[in-house]
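Observations on the model geometry
Letter by letter, the chains look like this.
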Amino acid sequence: MEEKIFDSSFFNGLNRVKIVTRITMQGGRSGMRKSAAKGSSVEFADFREYVPGDDIRRIDWNTYGRMDKLFVKLFVEEREAYYSVITDTSASMDFGKPSKKVCAARLAGAVSYMALNNLDRVRLSAICSDRILNSSDFTGRQGFNKAMAWLGSMEFKGKTDLYRSIRGIPFHQKGVAVIISDLFSNDTTDENIESIADTIRYLRYMKQEVLILHVLSPEEIEPVVEGTVGLEDAETGDIMRVTATSRLCKQYKHVLDRFLNKARECAKHYQAHYIPVCSNESIDTFIYKGIRSGQLENF
């Protein structure tokens, strides 16, 4: 990418933010998430009777004094969470000032940074209809530099087929899937929403907690168009000539609002988290907006 993705202001406040998933991780290596497994953390979970071979340091002697039986203490095992950060790299993301592609890369970087800083595992994916690129897994705080380099090499071209592309990403364990996209395709609004619904249903079936970061540019939210202009579809190259009238602008705003509302309702219906993001927002704004709305607070 031509524009620098990360700068000093990007990191302000990130260390104060901790992602807390609602899911109870059942697999993976040691980490900072509470698991259904019993292990060696300091958080007490339960008792069970002593059997030969148990660590005698875990015997509860107070219980032995009351019941004349040996019991050992069980503690909550802590596991790492697995984050799949999926960025839409179709041509429509290469639009706007600031560009949606830079915003998307920064969002992916922010989520990766917070997860890795919390000792979780991260895999990055770049998708469009004709290609799916998956990174190796990144772990530890040192993994962020590798993740940042991977994000900086993403190319934005081609068309969008969200459902088909995400079906091509392997999900081998329970985890968190973060989708960063403008959610645009060449379908009608209703067909597009159905594709989003199919995507969320599939990810839920694959035991993923889902967070959608819906990225739009200022020009898409509040277009400033005058006179007769040619509008080019970034993904197909098709050009449509339109005359910008107040009636047409109101109609556009109505269609956009309907699409945003349907996308939000779709996410809510299928128990996914949804955060709209404008490409001119800072990462701090995104984080605090997400926390205030509860979309990140419980994530």
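Now for a description of the structure that goes with this document. (Residues numbered from 1 in each chain as written. Predicted model: local features only at pLDDT ≥ 70, side-chain atom pairs only at ≥ 80, totals over all residues. Heavy atoms only, no water.)

**Points about the environment of Gly-152**
Along the polypeptide, Gly-152 turns up in helix 3 (residues 143-152). For Gly-152, a relative accessible area of 27% puts it in the partly exposed group. Spatially, the C-alpha atom of Gly-152 lies 9.1 Å from that of Val-102, the residues being 50 residues apart in sequence. (Helix = DSSP H or I, 4+ residues; strand = E, 2+ residues; numbered from the N terminus. Buried < 20%, exposed > 50% of the residue type's maximum accessible area, 1.4 Å probe, protein only.)

**Some remarks on the pairing of strand 7 (residues 208-216)**
Along strand 7, nine of the nine residues are buried, which leaves the element largely enclosed by surrounding structure. Residues of strand 7 alternate between two faces, with Gln-208, Val-210, Ile-212, His-214 and Leu-216 on one and Glu-209, Leu-211, Leu-213 and Val-215 on the opposite face, all of them buried. Each parallel crossover has a hand, and the one from strand 6 (residues 175-181) via helix 5 (residues 189-205) to strand 7 is right-handed. With six bridges joining them, strand 7 and strand 10 (residues 273-278) adopt parallel strand pairing. When the sheet's bridge partners are listed, Leu-213 is paired in strand 10 with Ile-275. (Right-handed = clockwise from strand over helix to strand, strands pointing away. Pairing = 2+ DSSP bridges.)

**Here we look at the sheet that holds strand 7**
Spatially, 5-4-3-6-7-10 is the arrangement adopted by the six strands of the open sheet, whose pairing is mixed. Strands at the two margins of the open sheet, each flanked by one partner only, are strand 5 (131-134) and strand 10. With direction set aside, neighbouring strand axes in the sheet form an average angle of 15°. Strands in contact with helix 2 (residues 100-117) are strand 3 (82-88), strand 4 (121-128), strand 6, strand 7 and strand 10; relative to strand 3, the strand with the most contacts, it is inclined by about 175°. (Axes fitted to C-alpha atoms, helices over the stretch in contact; angles between N-to-C directions. Contact = heavy atoms within 4.5 Å.)

**Some remarks on helix 2**
The terminal C-alpha atoms of helix 2, which comprises 18 residues, lie 25 Å apart, in line with the 26 Å expected from a rise of 1.5 Å per residue. Most of helix 2 sits out of view: 17 of its 18 residues are buried. Two or three places before Lys-101, at the start of helix 2, stands the capping residue Ser-99, its side-chain oxygen 3.2 Å from that residue's backbone nitrogen. (Expected span 1.5 Å × (residues − 1). Polar contact = N/O pair within 3.5 Å; in protein donor to acceptor, adjacent residues only side chain to side chain.)

**Some details on the side chain of Thr-199**
Topologically, Thr-199 is positioned in helix 5. Within polar-contact distance, the side chain of Thr-199 engages the backbone oxygen of Ser-195 at 2.9 Å.

**Remarks on the nonpolar core**
Tyr-83, Val-85, Leu-107, Leu-124, Val-178, Ile-180 and Leu-213 are the most contacted members of the largest nonpolar core, which has 39 residues in total. It is helix 2 that provides the largest number of residues to this core, a total of eleven residues. Leave out the neighbours within four places in its chain, and Leu-213 touches Leu-107, Val-111, Val-178, Ile-179, Ile-180, Ser-181, Ile-275 and Phe-286. Counting 26 residues, the second largest nonpolar core, distinct from the first, contains Ile-127, Ala-177, Ile-179 and Val-210. (Core = buried A, V, L, I, M, F, W, Y, C linked by side-chain atoms within 4.5 Å.)

**Observations regarding the packing of helix 2 against helix 3**
Viewed as axis vectors pointing N to C, helix 2 and helix 3 meet at an angle of 165°, and their least axial separation amounts to 10 Å. Compared by their axis directions, helix 2 and helix 3 come out roughly antiparallel. Regarding helix 2 and helix 3, the two cross each other, and that crossing is right-handed. Only Gly-143, Phe-144 and Leu-151 of helix 3 make contact with helix 2, whose side of the interface consists of Ala-105, Ala-108, Gly-109, Tyr-113 and Leu-116. Split into classes, the residues belonging to the contact of helix 2 with helix 3 amount to six nonpolar, two polar and no charged. (Parallel < 35°, antiparallel > 145°, perpendicular 65-115°, else oblique. Left-handed = near helix turned anticlockwise from the far one by under 90°. Nonpolar A, V, L, I, M, F, W, Y, C, P; charged D, E, K, R; others polar.)

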